[in-house]
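# Fold and geometry: a report
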Amino acid sequence: MTVIEKLKTRARTRPQRIVLSEGEDPRVISAAGTIVREGLAKITLLGRTPIIESVAVDLGVPLTGVSIINCPASPKIEAYSQIYYERRRARGVVLEECREAARQPLYFAALSVAAGDADGSVGGAVNTTAETVRAALHTIGLAPEAKLVSGFFIMMIPQRPGLDLGSSGALLFADCAVVPDPNPDELAEIARATAENARALLEVEPRVALLSFSTKGSAKHARVEKIREALRILKARAPELCADGELQADAALIAQIGQSKAPGSPVAGHANVLIFPDLDSGNIAYKLVERLGGAQALGPILQGLDRPANDLSRGCSADDIVNVVAITAMQAIARQEKFVGTTDGHG
């Protein structure tokens with residue numbers, strides 16, 4: 001099975017409650033039908049019921065088993081407004097502003113996750129990454145162990161003879177979505193969080209490469225020093241983690257080149273997690289690998305939040321949405337497995 005097929009199989013064993021904030025979009029409606037039909041998750045669409053039902057009829061998508069909520073009319077608005085108010089009042093936000101925000105689908109979806117009424121949310125087919133991240137950060141907030149929110153892609157690389165990349169062709173790229181110019185401490189945090197997700201989602205031991213235009217001192221520059229400092233912080237923070245840097249991309253991925261450029265490195269030639277020095281390089285790299293290399297890009301998947309809430313590319317397909325929902329479900333399951341003593345499995 002491919003990585004995504006394995007994720008879907010695992011998601012089916014414990015279907016999670018996932019809210020899709022852009023429920024009137026045809027791609028989202030089509031994806032909802034597929035998700036419920038395949039038993040991947042319990043889906044709630046946010047939007048106006050007549051519009052959603054009309055689009056579903058046009059698409060030939062049955063909505064049996066799909067819940068629909070029209071946010072402004074929901075009896076949850078007041079409770080969600082209070083949750084938002086408690087999180088934001090220190091910043092001068094007043095209750096009426098919170099009520100207005102709670103009526104917006106992006107915020108309603110994230111607040112339903114914060115309240116424990118859903119296990120995860122997915123948006124971004126229409127809204128920008130900045131809007132999606134802002135809603136999640138303001139309502140769900142950071143996980144206790146996290147220092148920031150960042151985003152990664154699971155890149156499924158087409159298999160070719162003589163080319164064995166990542167874990168059965170799967171690589172995690174980060175940060176490709178959120179942090180424009182991370183400092184060394186932030187870069188180390190991005191690396192730590194991405195490695196944790198590699199374990200949870202790919203079920204492999206992460207081998208983390210901190211990428212640069214230099215390999216092990218082949219160039220001297222302040223940007224190279226940033227990578228070296230990030231590695232020092234990462235090793236202090238997570239000494240058990242198999243990580244190395246600074247490495248050029250070819251040295252990180254190709255065994256023969258890795259042995260030549262970075263002999264003795266535990267990561268060179270075998271990396272399955274690639275950490276880019278900034279958002280420019282990460283975002284450009286994933287799009288080039290996807291468009292020119294024929295890879296499938298799953299994400300961006302957000303990390304660092306207290307509960308799962310994920311973004312979509314506005315150019316996403318219905319299949320992309322299905323895949324991100326499966327990943328979101330697995331993040332929710334991984335989070336639940338950290339907790340003991342909860343009575344309903346959704347603590």
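Attention here is on the structure that accompanies the text. All values derive from a computational prediction rather than experimental measurement. (Residues numbered from 1 in each chain as written. Predicted model: local features only at pLDDT ≥ 70, side-chain atom pairs only at ≥ 80, totals over all residues. Heavy atoms only, no water.)

## With respect to the sheet that holds strand β9 (residues 273-275)
Spatial strand order, β8-β7-β9-β6-β5-β10: six strands in an open sheet with mixed pairing. Looking at which strands have only one partner, the edges of the open sheet turn out to be β8 (242-247) and β10 (296-303). Within this sheet the neighbouring strands show an average axis-to-axis angle of 20°, counted without direction. Inspection of the sheet shows strand β7 (residues 207-211) paired to β8 by five bridges, in the parallel sense. Bridging across to β8, valine 208 finds its partner in alanine 243. Packing of helix α13 (residues 318-338) onto the sheet brings it into contact with β5 (150-156) and β10, and relative to β10 it is tilted by some 40°. (Pairing = 2+ DSSP bridges. Helix = DSSP H or I, 4+ residues; strand = E, 2+ residues; numbered from the N terminus. Axes fitted to C-alpha atoms, helices over the stretch in contact; angles between N-to-C directions. Contact = heavy atoms within 4.5 Å.)

## Overview of the pairing of β10
In terms of residue burial, β10 counts as a mostly covered element, since seven of its eight residues are buried. Pairing of β5 with β10 involves six bridges; the strand directions are antiparallel. The partner of methionine 155 across the bridge, within β10, is alanine 297. (Buried < 20%, exposed > 50% of the residue type's maximum accessible area, 1.4 Å probe, protein only.)

## Here's the deal with the environment of phenylalanine 213
With respect to the helices and strands, the residue phenylalanine 213 is situated in the loop between β7 and α9 (222-237). When the C-alpha positions of phenylalanine 213 and leucine 305 are compared, they lie 31 Å apart, and in sequence the two are 92 residues distant. Each residue touching phenylalanine 213, except ones within four places of it in the same chain, is listed here: Ala219, His221, Arg223, Val224 and Gln248.

## Considering the packing of aromatic side chains
What the rule picks out here adds up to four aromatic pairs. Note on tyrosine 80 and phenylalanine 108: the rings are 5.0 Å apart at their centroids and 65° apart in plane angle, and the pair reads as edge-to-face. Linking tyrosine 80 in helix α4 (residues 77-88) with phenylalanine 108 in helix α6 (residues 105-114), this pair joins segments that are 28 residues apart in sequence. The residues tyrosine 80 and phenylalanine 108 share a single accessibility class, namely buried. Centroid distance tyrosine 84 to tyrosine 107: 5.5 Å. Interplanar angle 55°. Geometry classified as tilted. A residue pair is termed long-range when its members are at least 10 positions apart, and tyrosine 84 in helix α4 and tyrosine 107 in helix α6 qualify at 23 residues. (Phe/Tyr/Trp six-rings, centres within 6.5 Å; stacked < 30°, edge-to-face > 60°.)

## Notes on the nonpolar core
Core analysis: the biggest nonpolar cluster contains 64 residues, and Leu20, Ile43, Leu45, Ile154, Val208, Ile275 and Val325 have the highest contact counts within it. With nine residues, α13 is the largest single contributor of residues to this core. In contact with leucine 20, not counting residues within four places along its chain, are Val28, Ala32, Ile43, Thr44, Leu45, Leu46, Val122 and Val325. Counting 27 residues, the second largest nonpolar core, distinct from the first, contains Tyr84, Phe108, Leu305 and Ala309. (Core = buried A, V, L, I, M, F, W, Y, C linked by side-chain atoms within 4.5 Å.)

## Describing empty space enclosed by the protein
Empty space among the atoms can be located by rolling a probe the size of a water molecule over them. In total, this model carries two cavities of 30 Å³ or more according to the counting rule given. Looking at the largest cavity, its volume works out to about 80 Å³. Forming the walls of the largest cavity are Ser21, Leu106, Ala109, Ala110, Ser121, Val122, Gly123, Thr132, Ala135, Ala136, Ala309 and Asn310. Where the lining of the largest cavity is concerned, the elements lending two or more residues are α6, β4 (120-123), α7 (129-139) and β11 (309-311). Grouping the amino acids of the lining of the largest cavity by side-chain chemistry returns seven nonpolar, five polar and no charged. (1 Å grid on protein atoms, 1.4 Å probe; cavity = no way out; pocket = protein on both sides within 12 Å on 5 of 7 lines; lining within 4 Å. Points joined across faces, edges and corners; volume = space filled by probe spheres on them. Nonpolar A, V, L, I, M, F, W, Y, C, P; charged D, E, K, R; others polar.)

## With respect to the layout of surface pockets
Here the largest pocket is characterised by a volume of approximately 550 Å³. Along its surface, the largest pocket is lined by 28 residues, and Glu196, Asn197, Gln331, Arg335 and Lys338 are the ones closest to its centre. Only α8 (184-202), β10, β11 and α13 provide two or more residues apiece to the lining of the largest pocket. For the lining of the largest pocket, the element with the highest residue contribution is α13, accounting for seven residues. By residue class, the composition of the lining of the largest pocket is 14 nonpolar, five polar and nine charged. There is about 420 Å³ of room inside the second largest pocket.

## Re the pairing of β5
For β5, a buried count of seven out of seven residues is recorded, marking the element as mostly surrounded by other parts of the structure. Across five bridges, β5 lies against strand β6 (residues 170-174) in antiparallel orientation. By the bridge assignment, isoleucine 154 is partnered in β6 with leucine 172.

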